[in-house]
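Observations on the three-dimensional arrangement
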Amino acid sequence: MSTSDQLPPLAPDTAELYLPLWADGALSPEEAAKIEEYIASDAALADLAGRLADVDRELKSAFAPLAAQPLPSPHARRRSRIPPPAPRPSAGRSSLWRIAAALLAVAGLGASYGAYEFGLDRGRQVAAAGQKKPAGWLAHVADYHRVYASEKRHLVEIGPDEEPHIRKWLSARIGKDVPVPDFTEHGLTFAGARMLVAGGKPVAQYIYTQADGRPVGYCVISSPGPDKALQSRSIGGLNLASWKQDGLAFVVVGWDNPDRLEQIAGSRL
């Protein structure tokens, strides 16, 4: 049984567990292709994958001279009952070990390569609990919405009277035109906007209020890769309807039931 066989099935919400194996080239071609597809569509996953790949390359480079040296023959030891004295490290080898030690400290080898065991443990926990770990920017959006939605006076960063400025500002940050949707047919009133951050990338968040007082968020982030159909999920009590189109990822988030959020999102497709 391979290491990947001990993890939960490869999917967007379990891809993080497979990253150490991907960075080490230990996945099958099919699994590697699937991981790279997820990385292309998930900013947070792409950031973590890049850091793991950097650590992997640095460590292989540092240890290459040691790995190239031949190992002592096991037959030579059997010919002598007295073990040879341990060789004193040369200055060159001591330098190599110091370099390797520095890389371990700076790059956090224990954190990245320990992820093999962590991944297995976390995979077992996920499988046992029967729960999916929210992945990528959607988890960040849910966290932000949960915090900001309880605000009244500071619900938004910029009010609705500055809609032209909001569109120009957030479109420039996202890198594509991000108009303010009109959701009045769904009983939503535009309340303003703010900028969030997910995986080191800006997220445009437009906030709408409704009769019951619970705000609904409409968020957009740059996300290269193939388009994705509308799908719903729940994260920490919040419901999210998300999709991808033309290099952007979108989500409508709130406490409303999933069918209502899908209807709101569907008016943007």
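Just so it is clear, the model here is predicted, and its values are computed rather than measured. (Residues numbered from 1 in each chain as written. Predicted model: local features only at pLDDT ≥ 70, side-chain atom pairs only at ≥ 80, totals over all residues. Heavy atoms only, no water.)

1. Some thoughts on the overall build of the protein chain
- Per the secondary structure count, the protein chain includes 10 helices and 6 strands.
- In the protein chain, the share of contacts with a sequence separation of at least 24, taken over all contacts with a separation of at least 6, comes to 60%.
- As displayed, the protein chain has an accessible area near 15200 Å², and 56% of this comes from carbon and sulfur atoms. (Helix = DSSP H or I, 4+ residues; strand = E, 2+ residues; numbered from the N terminus. Contact = heavy atoms within 4.5 Å. Areas by Shrake-Rupley, 256 points an atom, 1.4 Å probe, with all protein chains shown as cover.)

2. Re the side chain of H145
- Examined against the element boundaries, H145 turns out to sit in helix α8 (residues 137-148).
- Overall, H145 belongs to the buried group, its relative accessible area being 1%.
- Polar contacts involving the side chain of H145 include one to the main-chain carbonyl oxygen of P215, which spans 3.3 Å. (Buried < 20%, exposed > 50% of the residue type's maximum accessible area, 1.4 Å probe, protein only. Polar contact = N/O pair within 3.5 Å; in protein donor to acceptor, adjacent residues only side chain to side chain.)

3. Side note on the pairing of strand β1 (residues 189-198)
- Among the 10 residues of β1, 7 are classified as buried, and the element is accordingly described as predominantly covered.
- One ladder, built from 9 bridges, connects β1 with strand β2 (residues 201-209); its direction is antiparallel. Looking across to β2, one finds that F190 is bridged to Y208.
- From the end of β1 to the start of β2, which pair antiparallel, there are 2 residues, and G199 there has a positive phi angle of about 60°. (Pairing = 2+ DSSP bridges.)

4. What to know about the pattern of salt bridges
- This structure, assessed with the given rule, holds 5 salt bridges.
- The salt bridge partner of R146 is D143, with a shortest N-O separation of 3.2 Å. Placement of both R146 and D143 in helix α8 is noted, with a separation of 3 residues, approximately one turn of the helix.
- R146 sits in the partly exposed class, given a relative accessible area of 31%.
- For D212, the salt bridge goes to R214, with nearest N and O atoms at 3.1 Å.
- R214 sits in the partly exposed class, given a relative accessible area of 33%. (Salt bridge = Lys/Arg side-chain N within 4 Å of Asp/Glu carboxyl O.)

5. Comments concerning the confidence of the model for the protein chain
- Summary statistics for the protein chain give a mean pLDDT of 78 and a share of 69% for residues scoring 70 or more.
- Put simply, helix α6 (residues 109-113) is where the protein chain has its lowest mean pLDDT, 47, and strand β3 (residues 216-222) is where it has its highest, 97.
- Confidence over residues 126-134 falls short of pLDDT 50; this stretch has 8 contacts with residues more than four positions distant or in other chains. (pLDDT = per-residue confidence, 0-100.)

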